[in-house]
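Chain residues, written in single-letter form:
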Amino acid sequence: MCTDHQWINSAIQKLEADFQRSADTHLIKLDLPSLEGIDIYLKDESTHPTGSLKHRLARSLFLYAICNGWVGPKTPIIESSSGSTAVSEAYFARLLGLPFIAVMPKSTARKKIEQIEFYGGQAHLVERSDQIYAESHRLAKELNGHYMDQFTYAERATDWRGNNNIANSIFNQMKMEQHPIPTWVVMSPGTGGTSATIGRFIRYQQHNTKLCVVDPEQSVFHRYYQTRDLSVTHDCGSKIEGIGRPRVEPSFIPGVVDEMRTIPDAASVATVHWLEGILGRKAGASTGTNLFGALQLASEMKQRGETGSIVTLLCDSGERYLDTYYDETWVKENIGDLLPYLAQLETLQASGVLA
Ligand SMILES: *Cc1c(COP(=O)(O)O)cnc(C)c1O
């Protein structure tokens, strides 16, 4: 508990000043002539100072925790994370002069651990991804710290009605496009927070847009969406970093999701390799999950003779994953054969249909 208003004021001031110095992220229009009449956009979240969409979440979580009196001038911050959130939280913890410990599975990309340490945070590694929650609770108790708990608070720490949230930004940036109101927004769930924000914003603003949530194979979200059974778990960690969870996270709000699809891991990885040829840049694998889902929808629209726009997210840069998704041997051993999906993507580029 913190009731030190002077510290609270100065902490909020630092977070707001940091925001004031920052720029919004770009909305990139993909050049895919074969899809004529169907425009695909990527909201490029890799350009945040800490490299992913988790920059938004980390900022919101700190503001929420401080305004709730959960964090004071010396409170150690603990977080359970598959990496990206911890990188962003380490940045904000340093801005506020707070100690930061990330509890992560040992499979987490080396680059992310290095970045957490770069921002003065500590990495506390556990064997399996389903152990991060209990270990975070334990550490927070032992150190008299605050467990940030992104998986619970992501959906409520963000102002879903507007206030510069990601959905607000997307719809503003779309204003002068051929199809300014997207037919679909596509997003993959990690916490589920971004999907919740986008889905609620669409409904609140009365937009005629549907939200498609795309889940990787090793995840419970799509199983939960079909059955609404909260107790469903999965003991094999997702191979797509940042998304797919072994348990149903409290921040995943199924009621705002119009459609859910499961995307094979090989399709996700193939899609980021294919995207590099179009964009000249590497993206993380969750961007592949998002884009493959968007391309499926586009291909179906094309076959029905529909036009419109589809927006999805470029969640983080591929430079973080040079030794995994961009390493041929690693991909062969962990993901499998990309060729069938690369062939489908080439067909799409030639004909506008994914087949
Ligand atoms: C967290 C994350 C996501 C999913 O976002 P949520 O808002 O947590 O559902 C997707 N991709 C990457 C790289 C992430 O770090």
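Residues numbered from 1 in each chain as written. Predicted model: local features only at pLDDT ≥ 70, side-chain atom pairs only at ≥ 80, totals over all residues. Heavy atoms only, no water.

Per an unreviewed UniProt entry, the chain goes by L-cysteine desulfhydrase Cds1 and derives from Vibrio astriarenae. Database annotation for the chain, UniProt heading Sequence similarities (unreviewed entry): "Belongs to the cysteine synthase/cystathionine beta-synthase family. Cds1 subfamily." Word for word, the UniProt comment on the chain under Subcellular location (unreviewed entry) is "Cytoplasm". (UniProt positions renumbered as here; feature names shortened; annotations may be inferred.)

Participant: What am I meant to see in the sheet that holds strand β4 (residues 100-105) here?
Facilitator: Think of a sheet as strands paired side by side through backbone hydrogen bonds, with each pair either parallel or antiparallel. With parallel pairing, 4 strands are arranged side by side in an open sheet as β5-β4-β3-β6. Where the open sheet ends on each side, the last strands, each with one partner, are β5 (122-126) and β6 (146-147). (Pairing = 2+ DSSP bridges. Helix = DSSP H or I, 4+ residues; strand = E, 2+ residues; numbered from the N terminus.)

Participant: Explanation requested: unusual backbone geometry in the structure shown.
Facilitator: Trans peptide bonds make up most of the peptide bonds, and negative phi angles are found at most residues other than glycine. The phi torsion at Asp149 lies on the positive side, around 55 degrees, for a residue other than glycine. The topology assignment puts Asp149 in the loop between β6 and α6 (150-157). Residue classification places Asp149 among the buried residues on the basis of a relative accessible area of 11%. Backbone geometry places Asn164, a non-glycine residue, at a positive phi of 60 degrees. Within the secondary structure, Asn164 is located in the loop between α6 and α7 (166-173). (Buried < 20%, exposed > 50% of the residue type's maximum accessible area, 1.4 Å probe, protein only.)

Participant: What should I look at first to understand the environment of Ser60 in this one?
Facilitator: You can see Ser60 is positioned in helix α2 (residues 54-67). For Ser60 and Pro180, which are 120 residues apart along the polypeptide, the C-alpha to C-alpha distance reads 28 Å. In this structure, Ser60 is in contact with Ala157 and Thr158, ignoring residues within four places of it in sequence. (Contact = heavy atoms within 4.5 Å.)

Participant: How should I be thinking about the site of the ligand in this particular structure?
Facilitator: Close to the ligand lie 16 residues, the nearest being Lys54, Gly190, Thr191, Thr194 and Ser286. A distance of 2.7 Å separates an oxygen atom of the ligand from a polar side-chain atom of Lys54. Look at the ligand: alone it shows 380 Å² of surface, and the protein chains cover 98% of it. Considered class by class, the residues forming the shell around the ligand number 5 nonpolar, 9 polar and 2 charged. (Near = heavy atom within 4 Å. Polar contact = N/O pair within 3.5 Å; in protein donor to acceptor, adjacent residues only side chain to side chain. Areas by Shrake-Rupley, 256 points an atom, 1.4 Å probe, with all protein chains shown as cover. Nonpolar A, V, L, I, M, F, W, Y, C, P; charged D, E, K, R; others polar.)

Participant: What's the story with the packing of aromatic side chains in this structure? I'm lost.
Facilitator: For any pair of aromatic rings, geometry is given as the distance between the ring centres together with the angle between the planes. In total, this model carries 15 aromatic pairs according to the counting rule given. Look at Tyr325 and Trp330: their rings are 5.4 Å apart centre to centre, the planes differ by 90 degrees, and that puts the pair in the edge-to-face class. Ring-pair connections join several aromatic residues into one group, and the members of that group are Phe62, Tyr91, Phe92, Phe118 and Tyr119. For the cation-ring pair, Arg247 lies above Tyr133, with the distance from its terminal atom to the ring centre recorded as 3.5 Å. One Lys or Arg, Lys282, reaches over the ring of Tyr326 and ends 5.5 Å from the middle of that ring. (Phe/Tyr/Trp six-rings, centres within 6.5 Å; stacked < 30°, edge-to-face > 60°. Lys NZ or Arg CZ within 6 Å of the ring centre and 35° of its normal.)

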